[in-house]
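Next come the chains, spelled out residue by residue.
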Amino acid sequence: MPDPNSSPCAVEITDVSKQFGDGPPVLTGISFGTAPGDFVAVIGPSGCGKSTLLRLIAGLSPLSRGTIKVDGFPPGGDEPETAFVFQEPTLLPWSRVAANVELPLRLRGVAEAKRRQTVQICLERVRLGDRADAFPRQLSGGQQMRVSIARALALEPKLLLLDEPFGALDEITRNHLNEELLALREHTAWTAFFVTHSIMEAVFLANRVLVMSANPGRIAHEVKVDLPYPRTAATRETTDFHTIADKLSRLLHSVEEEAKS
Amino acid sequence: MKGSTTRYLAPVLSAAVFIGGWYAIRAGLPTEKQFMLPWPHDVAQAFAENWQTLLQASLNIALGAAIGLCSATMVAVLMAILMSLSGFIRASLYPHLMALQMMPVVALAPILVIWVGPGLPSVSIITFIICFFPIVVNTTQGLISTDRKLVELFALYRASRWQQITRLRLPAAMPYFFTGLRISGILASIGAIVGDFSAGSSANDGAGLGFLVIIYGAQFKMAELFATVISGCLIGFVFVLIVHRVSWFCLHQWHDSYERSDS
């Protein structure tokens, strides 16, 4: 399963703009580069195009201008393995948990023995090893999201794109899943883009936070989070954590004020 | 257990009330109209005396209905897959399918008799025509209503068109397909009886219930006619039960139309 020698990838975004049809631009002049292994959180007011940015990086939607390179390759082509985690668990309701995690491997034609082994490892990593035979509707919202993450990890991605994956969950569950997500990075490192509405979540997970503003969507600020990994529940109690969260809160507020005027 | 007692007792009770009402109405009929409605026990006697004829006719109908329904299901699903591929194909086929559904099968019967001969071939084709439409319309709807997020997921994993159909669109369309199949399951035996009525044949013991209706009708055998009608209902009931059972088997574990099983 995950090859410990595989290295995460770098994403290079240069002067990207996006508009749908003749509508107003959703994103303008986005330029941003990651180092391999960066965990980038993206926050901003609703309608700032943060989800659209994620979809562009995934190659789910064509660019209007600019370039995106994932380890030098444009998305939707020969770029390294990329996984996307949606806002909803987006599981196949007719397939059992194991079959859902197995799906990407099946679509790629991975041999059965290897598939079974990978599924078992991925499910154990998200602490659902005993629910392999359950159907998605038998699981709680948090468990369904963990299956979704296990599925994303099945193909050993080098880039993980997460679009508010825990937005619909209660805060306690969300905190747990945040901790688990960071723990998963101890096994294999990937570069991550994580869209969220929650400042706490952004600070806890990321080493870089992008604050976006709306109309049109652009990157307004970047804040570095220098808290050392591995981070645990205790990290949320530190003064540094709150200093950065307060700073982000002010920046987000100013961006929203700016959008109103 | 109270629930299941109610479930089995309630229809028995309502049937008893129904038969009681039947006796009451028959008893109240003036003499000159009594030929119109046989006593329920006359109908029972008609069953007892003609059970071999009725059973043979019912089996003939069931066979025609089964052939028609199964072939309609197969062709309809293939057609639905074809129509789900593009809006152009849908637009060019849909009006013709509607026309097929609107075709008056009774008028079609003599043509079919000349083309394929009376009896089972004609009956199966008429059943096919009647059963085809609900399945093709519902299944097509299901195939094109797949959750957009799941379609994107498949695109991200670079699934081929074929994989998208077999692993995503077809299973996602299953509840829709069964909605259509349930309607067609009800229509199948009716279609076969109508087909047999208008294109049936008594050659080689091939007479079905529709053919019996003509014979008993000509002879004013009211009790036998009632027995024929009830036989038709029973066949329909068996078909509906089978379809519901298959639907349950395919959907109950994951689809919300079935109660959540405790886990």
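Residues numbered from 1 in each chain as written. Chains lettered and ligands numbered in written order. Predicted model: local features only at pLDDT ≥ 70, side-chain atom pairs only at ≥ 80, totals over all residues. Heavy atoms only, no water.

**Q** Explain the domain arrangement of chain A here, please?
**A** Often, the extent of an interface is quoted as the loss of accessible area on bringing the components together. All names here are of chain A. According to the domain assignment, chain A consists of domain 1 (11–81 + 159–260) and domain 2 (89–156). One C-alpha centre belongs to domain 1, the other to domain 2; they are set 25 Å apart. Across the boundary between the two partners, domain 1 contributes 12 residues, which contact 13 residues of domain 2. Here domain 1 and domain 2 share an interface that buries about 1,000 Å² over both sides, 70% of which is from carbon and sulfur atoms. The interface formed by domain 1 and domain 2 contains 3 salt bridges. Arg146 is the salt-bridge partner of Glu180, the closest N and O atoms lying 3.6 Å from each other. At the junction of domain 1 with domain 2, the criterion picks out 3 residue pairs in polar contact (both at pLDDT 80 or more). Looking at the side of domain 1 that touches domain 2, the element that brings in the most residues is helix H5 (residues 171–187), giving 6 residues. Taken together, the residues that form the side of domain 1 that touches domain 2 break down as 8 nonpolar, 2 polar and 2 charged. (Domains from an automatic or database assignment. Contact = heavy atoms within 4.5 Å. Buried area = accessible area lost by both parts, 1.4 Å probe. Salt bridge = Lys/Arg side-chain N within 4 Å of Asp/Glu carboxyl O. Polar contact = N/O pair within 3.5 Å; in protein donor to acceptor, adjacent residues only side chain to side chain. Helix = DSSP H or I, 4+ residues; strand = E, 2+ residues; numbered from the N terminus. Nonpolar A, V, L, I, M, F, W, Y, C, P; charged D, E, K, R; others polar.)

**Q** Is there a simple way to explain the pattern of salt bridges in this structure?
**A** All names here are of chain A. Per the counting criterion, the structure on display carries 17 salt bridges over all chains. Here Lys224 and Glu222 are joined by a salt bridge, their closest N and O atoms 3.4 Å apart. Judged by relative accessible area, which is 51%, Lys224 ranks as exposed. Salt bridges sharing partners connect three or more residues here, namely Asp38, Arg208, Glu222 and Lys224. (Buried < 20%, exposed > 50% of the residue type's maximum accessible area, 1.4 Å probe, protein only.)

**Q** Explanation requested: the sheet that holds strand E3 (residues 39–43) of chain A in the structure shown.
**A** By way of backbone hydrogen bonds, the strands of a sheet pair with one another, either parallel or antiparallel. Residue and element names in this part refer to chain A. The 6 strands lie next to each other as E5-E6-E7-E3-E8-E9, forming an open sheet whose pairing is mixed. A strand with exactly one partner marks an edge of an open sheet, and here the two such strands are strand E5 (82–85) and strand E9 (218–224). Pairwise comparison of adjacent strand axes, ignoring direction, gives a mean angle of 15° for this sheet. Two elements, E3 and strand E7 (residues 191–195), share 4 bridges in a ladder whose sense is parallel. Looking at the pairing, Val42 lines up with Val195 of E7. Most of the contacts of helix H7 (residues 239–260) go to E9, to which it runs at about 170°, and overall it touches E3, strand E8 (208–213) and E9. (Pairing = 2+ DSSP bridges. Axes fitted to C-alpha atoms, helices over the stretch in contact; angles between N-to-C directions.)

**Q** How do you make sense of the sheet that holds strand E2 (residues 25–33) of chain A when you look at a structure like this?
**A** All names here are of chain A. The strand order across the open sheet built from 3 strands is E2-E1-E4, with neighbouring strands paired in antiparallel fashion. The sheet terminates laterally at E2 and strand E4 (65–70), the two strands that pair on one side only. Mean inter-strand twist for the sheet, computed between neighbouring axes without regard to direction, equals 20°. Helix H1 (residues 50–58) contacts strand E1 (11–19), E2 and E4 of the sheet and is inclined by roughly 120° relative to E1.

**Q** Quick question: what am I supposed to make of the packing of helix H2 (residues 40–85) of chain B against helix H9 (residues 222–251) of chain B here?
**A** Two quantities define a packed helix pair, namely the angle between the helix axes and the distance between the axes. Residue and element names in this part refer to chain B. For the pair H2 and H9, the least separation of the axes is 8 Å and the interaxial angle reads 40°. Considered as vectors, H2 and H9 are oriented oblique to each other. H9 is crossed by H2, and the crossing has right-handed handedness. Together, Asp42, Val43, Ala46, Phe47, Asn50, Leu54, Ser58, Ile61, Ala62, Ala65, Ala66 and Leu69 of H2 and Ala223, Glu224, Phe226, Ala227, Thr228, Ile230, Ser231, Ile235 and Phe239 of H9 make up the contact between the two elements. Class assignment of the residues belonging to the contact of H2 with H9 gives a composition of 15 nonpolar, 4 polar and 2 charged. (Parallel < 35°, antiparallel > 145°, perpendicular 65-115°, else oblique. Left-handed = near helix turned anticlockwise from the far one by under 90°.)

**Q** What should I look at first to understand the interface of chain B and chain A in this one?
**A** Listed by partner, the interface residues are 25 residues for chain B and 28 residues for chain A. Together chain B and chain A conceal approximately 2,600 Å² of surface at their shared face, both sides included; 57% is due to carbon and sulfur atoms. The largest share of the area that chain B buries against chain A comes from Leu156, Tyr157 and Trp254 of chain B, three residues that together contribute 30% of it. At the junction of chain B and chain A, the tally comes to 4 salt bridges.

**Q** Explain helix H6 (residues 148–156) of chain B here, please?
**A** Owing to its 3.6 residues per turn, the α-helix aligns residues three or four sequence positions apart on the same side. All names here are of chain B. For H6, the tally of buried residues reaches 7 of 9 residues, placing the bulk of the element in the interior. Along H6, the residues classified as buried are Lys149, Leu150, Val151, Glu152, Leu153, Phe154 and Leu156. Two or three places before Lys149, at the opening of H6, Asp147 has a side-chain oxygen 3.0 Å from that residue's backbone nitrogen.

**Q** Would you mind showing me how to read the environment of Pro165 of chain A here?
**A** For Pro165 of chain A, the position within the fold is in the loop between strand E6 (159–163) and H5. Excluding residues that lie within four positions of it along the chain, Pro165 of chain A makes contacts with Val85, Phe86, Gln87, Met145, Phe194 and Val195 of chain A.

**Q** It is not clear to me how unusual backbone geometry should be interpreted in this structure. Could you clarify?
**A** Excluding glycine, a negative phi dihedral is what most residues carry, and trans is how most peptide bonds are arranged. Residue and element names in this part refer to chain A. Along the chain, Asn215 connects to Pro216 via a cis peptide bond; the corresponding omega equals -10°. Of note, Pro216 is situated in the loop between E8 and E9. Phi at Thr90 takes a positive value of approximately 50°, unusual for a residue other than glycine. Tracing the chain through its elements places Thr90 in the loop between E5 and helix H2 (97–107). Among the residues examined, Thr90 registers a relative accessible area of 7% and is labelled buried.

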